[in-house]
Amino acid sequence: MTPERHRQIGELYHSALALAPEERLAFLEKVSAGDADLLHEVQSLLTAHAVAGSFIAAPAFARTAATSLVVGHRFAHYEVLAPLGMGGMGEVYRARDRKLGREVAIKILPRSFSADPGRRARFDREARLLAALNHPHIGAIYGVEDIDGIGALVLELIEGDTLADRLERGPIPVSEALNIARQIGDALEAAQDRGIIHRDLKPANIKITPEGVVKVIDFGLAKAGVDDTTSHNLSQSPTVTVSGRRDGVIVGTAAYMSPEQARGKPVDKRTDVWSFGCVLYEMLTGRVAFEGDTVSDTLAAILGREPDWSALQTPASLRRLLQRCLEKDPRRRLHDIADARIEIEDIISEAAGTSADETAVNPRRQSAGLRWSLAAVVTLVTVVALTWSLQTARQAQTALPRISRLTMASSGTAALGIAKTRSLTITPDGTRVLYVGSNNQLFVRALDRLDATAIFTGAAPLNWVFVSPDGQWAGFAEARVLKKVALSGGPAATIARAGLTIGATWAPDDTIIFATPDPATGLRRVSAGGGEVTVLTRPAQASGELHHLWPEMLPGGRAVLFTITATTGGLGAAQVAVLDLATGRYTVVVRGGSHAHYVASGHLVYTAEGTLRAVPFDLAQLETRGMPVTVLPRVVTTPEGAGDFAVAADGTLAYVDAPGATSAAARTLVWVDRQGREEPLGAPPRPYFHPRVSPDGNRVAVAIEDQENDIWVWDLARRTLDRLTFGRAPDFGPVWTPDGRRLVFFSEREGWAGLQWQPADGPGNAEKLTTGGPPSGVTPDGAYVIFGAGGNQDLMMLALDGTRRVQPLLQTPSVERNGVVSPDGRWLAYESDRAGQFEIYVGPFPHASEGQWQISKTGGTRPLWAPSGQELFYVRPDGALMAVPVDPHGGRWSAGSPAKVLEGPYVTRSLRDKRTYDMSTDGKRFLVVKQPPNQAAPQIV
């Protein structure tokens with residue numbers, strides 16, 4: 001193409017761009033004078049511009065008014081040495097900083113854009129963004145200059161090839177690709193931490209220095225967060241190539257666009273996760289993930305096709321990571337680049353630790369075939385000495401440990417690996433294992449005995465079993481009460497009404513340090529004999545800390561390990577910290593892990609992404625040393641990140657393995673009638689909890705407890721599942737207002753725990769109502785919402801008339817919760833532990849304290865009224881659904897005897913004590929969450 005042709009195309013392109021879209025075709029047909037090729041070239045440029053919504057990476061001939069510098073040109077104290085290249089937003093030159101004696105890169109804005117206030121503002125914004133990103137893997141900015149009215153950025157001069165140059169030589173070895181990807185992820189994570197999205201990540205914007213250091217460049221198209229007021233009128237789309245390929249090489253950005261970006265929809269940090277996945281795929285395969293001969297073909301591939309996964313010759317964990325990055329639905333895509341970076345670091349660490357792992361004992365392999373029965377299930381017990389397997393440095397001098405292999409008699413059906421809480425522990429001397437079995441029983445089994453002994457039977461689910469330092473007492477939480485019982489048997493003693501316990505440990509000074517999900521306080525301490533509860537830590541909410549959980553004592557009683565969960569980032573953002581009990585200060589020792597224990601070999605073992613890992617730990621300095629290695633490839637882990645394992649002082653490890661356990665993600669929503677006939681709703685399998693049928697019976701609100709922990713709505717007619725709330729902090733316990741227009745729910749967003757509500761017809765701004773526990777219902781007239789307060793021990797009412805007035809409904813020394821008002825507004829049903837176990841009670845509303853009738857006989861929780869008001873339902877401790885006939889027409893309370901109406905593989909209880917079933921508006925069917933049966937019994941290893 002001749003220079004004159006270049007000029008002609010460029011002039012027509014810019015002239016047409018200045019016109020309204022509907023005027024451009026007529027203008028071009030007129031001025032092209034029948035030159036079909038000219039018309040086609042300009043229309044191609046304009047089409048690409050329309051797809052991108054912004055300035056395109058047009059060929060150089062389309063930039064007729066660019067300000068080109070010449071070699072030797074001087075301005076300020078800079079001297080131009082050579083041109084480096086051109087991009088969609090300017091030209092880049094090598095220059096010398098004569099004042100500091102260093103070489104730099106100078107990026108200038110084309111003159112034709114300098115007069116455009118919008119484009120100049122975009123250029124200035126690039127300078128501010130780059131200045132905010134002082135990071136070793138991000139190209140730095142040194143200053144902003146003006147050259148004869150033209151803006152210029154003074155940038156770090158980065159020697160070396162771009163990743164695009166490197167890819168021209170073919171695919172990159174896995175180890176090298178992972179190292180590059182880790183550095184890219186580190187750079188993007190730093191940007192996202194500042195609320196900045198790159199939005200144009202591609203191999204051409206990634207430099208690799210001769211030393212192998214990765215630098216992400218060209219944040220000129222980045223979009224600041226929602227608080228960036230300078231960018232709200234600027235286009236947020238990246239450059240798009242006119243032709244998809246030239247000489248077999250991708251020459252633009254379309255191939256790296258996320259589906260939402262390609263559709264012109266608003267984007268967030270998940271669009272960088274997609275582009276990162278495209279880049280990593282290309283590094284590993286040597287080919288782009290989504291290919292096309294034109295922009296349209298490329299975008300069609302992005303929107304409608306999957307990458308060729310067969311081209312990947314990589315570990316399964318790396319393939320899974322790529323699949324999560326390249327989910328077309330951003331709701332299912334990996335939400336944070338930090339999670340991808342952590343996953344890559346783990347893959348690197350596992351590869352580096354392979355030889356060490358091969359020399360260590362594999363507990364699962366050692367214990368194959370050794371089983372003992374728990375009633376109808378087969379349970380394997382093998383005690384493995386962990387200490388020697390971690391002492392790599394002293395391996396040559398250490399004798400191999402003795403492996404204990406035991407066959408034990410039946411002791412009842414175990415509930416291992418099913419609960420959301422830790423269900424077992426081991427005594428410090430490694431001789432006895434304690435675990436939670438069926439029917440809320442706590443068992444102890446000595447490793448030299450053939451049977452297990454039930455030392456406690458509770459009226460409510462048990463969790464967080466822990467042992468005293470002398471091995472004589474077991475501590476545990478029953479519902480919201482912290483208790484202890486002697487391992488030799490006897491009555492249990494109450495230590496404290498602690499609220500929902502999320503981890504506890506017994507200190508050498510006979511105090512117990514425990515944690516609850518209350519974000520206002522972190523770790524707490526109480527004497528093992530009972531007494532005043534004191535606060536040890538408070539989450540730094542301003543720094544993104546959400547909870548302090550799962551304390552574990554370190555030897556000597558000087559310090560305690562615990563886990564910091566984050567308001568954003570999910571499990572990948574969790575950190576293990578150590579609290580110095582003398583000073584009250586804590587420091588982070590492990591990032592991306594949780595629920596750590598100390599092992600006498602001088603290691604911390606902790607959970608990370610469903611695995612058990614170990615890292616050397618200096619007990620004197622309270623800090624980690626060296627790199628972590630994987631000890632177990634799989635350990636049962638709660639959704640919050642706690643591992644179902646324990647380590648004795650002698651290094652003996654006991655853990656739960658559930659090879660056949662069904663994930664909570666496989667749960668389904670089903671209708672079931674009183675004869676047990678089921679009808680699936682059709683909603684896809686998810687970890688569902690707390691389903692609630694709308695007042696008109698057309699929708700179901702439900703909590704989904706995954707990494708996002710949000711509330712979703714299933715439309716029964718349209719058969720669509722729509723996300724209602726957004727955020728990493730938990731949202732759960734939805735209840736409908738009687739008009740069906742709003743949902744009230746509990747949320748822990750931004751370190752604030754309490755009730756919020758928002759419209760039920762789609763995502764919107766949630767409105768805070770009051771602090772307190774989860775809601776249990778709204779009165780039939782819509783005047784009040786009933787909720788828990790005081791650690792969910794009392795029942796309160798919040799006025800929904802705009803005053804936000806809170807008044808007590810029922811306050812006693814006992815725990816009262818899950819209050820629901822009858823359809824006629826006359827009666828309040830609730831659960832209370834006043835009789836020593838939770839039972840269902842009814843009293844007049846709103847004066848429940850003036851008369852109370854016990855409804856259940858052998859324990860009961862989670863009451864629900866039938867729409868007719870003629871039945872009251874509740875859940876028995878074994879999970880069966882009970883019904884009580886009610887006469888709603890008499891002047892006094894009148895009810896019949898409870899009768900079982902439903903049982904089966906249904907989730908009727910949950911850790912958060914909320915009701916996980918509901919009823920159809922016609923009262924004929926129950927809405928339940930169905931858990932598929934386990935394929936094999938969990939095992940204690």
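Please read these numbers as outputs of a predicted model, since none were measured by experiment.

Thresholds applied
Residues numbered from 1 in each chain as written. Predicted model: local features only at pLDDT ≥ 70, side-chain atom pairs only at ≥ 80, totals over all residues. Heavy atoms only, no water. Core = buried A, V, L, I, M, F, W, Y, C linked by side-chain atoms within 4.5 Å. Buried < 20%, exposed > 50% of the residue type's maximum accessible area, 1.4 Å probe, protein only. Helix = DSSP H or I, 4+ residues; strand = E, 2+ residues; numbered from the N terminus. Contact = heavy atoms within 4.5 Å. Pairing = 2+ DSSP bridges. Phe/Tyr/Trp six-rings, centres within 6.5 Å; stacked < 30°, edge-to-face > 60°. Lys NZ or Arg CZ within 6 Å of the ring centre and 35° of its normal. pLDDT = per-residue confidence, 0-100. Axes fitted to C-alpha atoms, helices over the stretch in contact; angles between N-to-C directions. Polar contact = N/O pair within 3.5 Å; in protein donor to acceptor, adjacent residues only side chain to side chain. 1 Å grid on protein atoms, 1.4 Å probe; cavity = no way out; pocket = protein on both sides within 12 Å on 5 of 7 lines; lining within 4 Å. Points joined across faces, edges and corners; volume = space filled by probe spheres on them. Nonpolar A, V, L, I, M, F, W, Y, C, P; charged D, E, K, R; others polar. Parallel < 35°, antiparallel > 145°, perpendicular 65-115°, else oblique. Left-handed = near helix turned anticlockwise from the far one by under 90°.

Enquirer: Looking at this model, I keep getting lost on the nonpolar core. Mind explaining?
Expert: Considering soluble globular proteins, one finds that nonpolar side chains tend to be buried as a cluster. Core analysis: the largest hydrophobic core is formed by 53 residues, its most contacted members being L163, I184, F276, L280 and M283. Secondary structure elements with two or more residues in this core: α6 (163-167), α7 (174-193), β9 (206-208), β10 (214-216), α9 (270-285), α10 (295-304), α11 (316-325) and α12 (337-352). Ranked by the residues each element gives to this core, the list is headed by α9, at nine residues. Aside from chain neighbours lying at most four places away, what touches L163 is I172, I180, P203, I206, I208, V279 and M283.

Enquirer: Would you explain the sheet that holds strand β26 (residues 504-506) in this entry?
Expert: Pairing between the strands of a sheet comes from backbone hydrogen bonds, and it takes one of two forms, parallel or antiparallel. Strand order in the open sheet made by the four strands is β26-β27-β28-β29, with antiparallel pairing throughout. The open sheet has two edge strands with one neighbour each: β26 and β29 (534-535). Summarising the sheet, strand β28 (residues 523-527) and β29 pair through two bridges and their orientation is antiparallel. When the sheet's bridge partners are listed, R525 is paired in β29 with T534.

Enquirer: In this structure, what is going on with the packing of aromatic side chains? I would like to understand it.
Expert: Note on aromatic pairs: each is described by the distance of the centres and the angle between the planes. This model, assessed by the stated rule, comprises 13 aromatic pairs. Geometrically, the ring pair formed by W274 and F290 is stacked, given 5.2 Å between the ring centres and 15 degrees between the ring planes. Note that W274 is positioned in helix α9 and F290 in the loop between α9 and α10, a separation of 16 residues in sequence. In this structure W274 comes out as buried when scored by relative accessible area, which is 0%. For F290, a relative accessible area of 1% corresponds to the buried category. Summarising the aromatic geometry, the rings of Y598 and F617 are spaced 6.1 Å apart at their centres and angled 70 degrees between planes, so their arrangement reads as edge-to-face. Placement of the pair is Y598 in strand β34 (residues 594-599) and F617 in strand β36 (residues 611-618), with a sequence separation of 19 residues. For the residue pair Y598 and F617, the accessibility class agrees, reading buried in each case. Clustering of aromatic rings is evident, with ring pairs tying together W827, W853, W865 and W893. In this arrangement the basic side chain of K484 is found over the ring face of W473, its NZ or CZ atom lying 4.8 Å from the centre.

Enquirer: Could you clarify how one ought to interpret the pairing of strand β35 (residues 603-608) in this entry?
Expert: A regular strand carries its side chains on alternate faces of the sheet. For β35, a buried count of six out of six residues is recorded, marking the element as mostly surrounded by other parts of the structure. Residues of β35 alternate between two faces, with H603, V605 and T607 on one and L604, Y606 and A608 on the opposite face, all of them buried. Inspection of the sheet shows β35 paired to β36 by six bridges, in the antiparallel sense. Across the sheet, the residue bridging to Y606 is R613, located in β36.

Enquirer: For this particular structure, what's the right way to read the confidence of the model for the protein?
Expert: Atomic detail in the predicted coordinates should be set aside for any region of low pLDDT. With 73% of its residues at a pLDDT of 70 or more, the protein shows a mean pLDDT of 77. Element-level pLDDT for the protein is lowest in strand β15 (residues 377-379), with a mean of 27, against a maximum mean of 95 in strand β63 (residues 917-919). Low pLDDT, under 50, characterises residues 47-67; the predicted model gives this stretch 68 contacts beyond four residues in sequence or across chains.

Enquirer: Before we go on, may I ask you to explain the sheet that holds strand β19 (residues 432-436) in this structure?
Expert: What the four strands build is an open sheet, ordered β18-β19-β20-β21; its pairing is antiparallel. The open sheet terminates on both sides in strands that have one partner only, identified here as β18 (424-426) and β21 (453-457). The sheet shows a mean angle of 20 degrees between the axes of neighbouring strands, taken without regard to direction. Direction of pairing for strand β20 (residues 441-446) relative to β21: antiparallel, over a ladder of four bridges. When the sheet's bridge partners are listed, L442 is paired in β21 with F456.

Enquirer: What is the right way to look at the side chain of H597 in this model?
Expert: Topologically, H597 is positioned in strand β34. For H597, a relative accessible area of 5% puts it in the buried group. A distance of 3.5 Å separates polar atoms of two side chains, one belonging to H597 and the other to H595.

Enquirer: Teacher, can you tell me more about empty space enclosed by the protein here?
Expert: A probe matching the size of a water molecule, rolled over the atoms, marks out where space remains unfilled. Counted by the stated rule, this structure contains four cavities of 30 Å³ or more. Its volume calculated, the largest cavity comes out at about 60 Å³. Around the largest cavity sit R692, V735, P775, S776, N818, V820, R862, P863, K914 and R915, which together line it. Of the residues belonging to the lining of the largest cavity, the class tally is four nonpolar, two polar and four charged.

Enquirer: Quick question: what am I supposed to make of the pairing of strand β53 (residues 794-799) here?
Expert: In terms of burial, β53 is largely enclosed, as six of its six residues are buried. A two-sided burial pattern is seen for β53, the buried positions comprising D794, M796 and L798 on one face and L795, M797 and A799 on the other. As paired strands, strand β52 (residues 784-789) and β53 are joined by six bridges and run antiparallel to one another. By the bridge assignment, F787 is partnered in β53 with M796. Direction of pairing for β53 relative to strand β54 (residues 806-810): antiparallel, over a ladder of four bridges. Following the sheet pairing, M796 is matched in β54 by P808. Between β53 and β54, which follow one another and run antiparallel, lie six residues, and G802 among them has a positive phi close to 100 degrees.

Enquirer: Whenever I open this one, the packing of α7 against α9 confuses me. Can you help?
Expert: Two numbers describe how α7 lies on α9: the axes approach to 10 Å, and their chain directions differ by 165 degrees. Between α7 and α9, the angle is such that the two are roughly antiparallel. Relative to α9, α7 is oriented so that their crossing is right-handed. Counting all contacts with α7, which are made through V174, A177, I180, A181, I184, G185, L188 and Q192, the residues of α9 involved are D272, F276, V279, L280, M283 and L284. In terms of residue class, the contact of α7 with α9 is built from 11 nonpolar, two polar and one charged.

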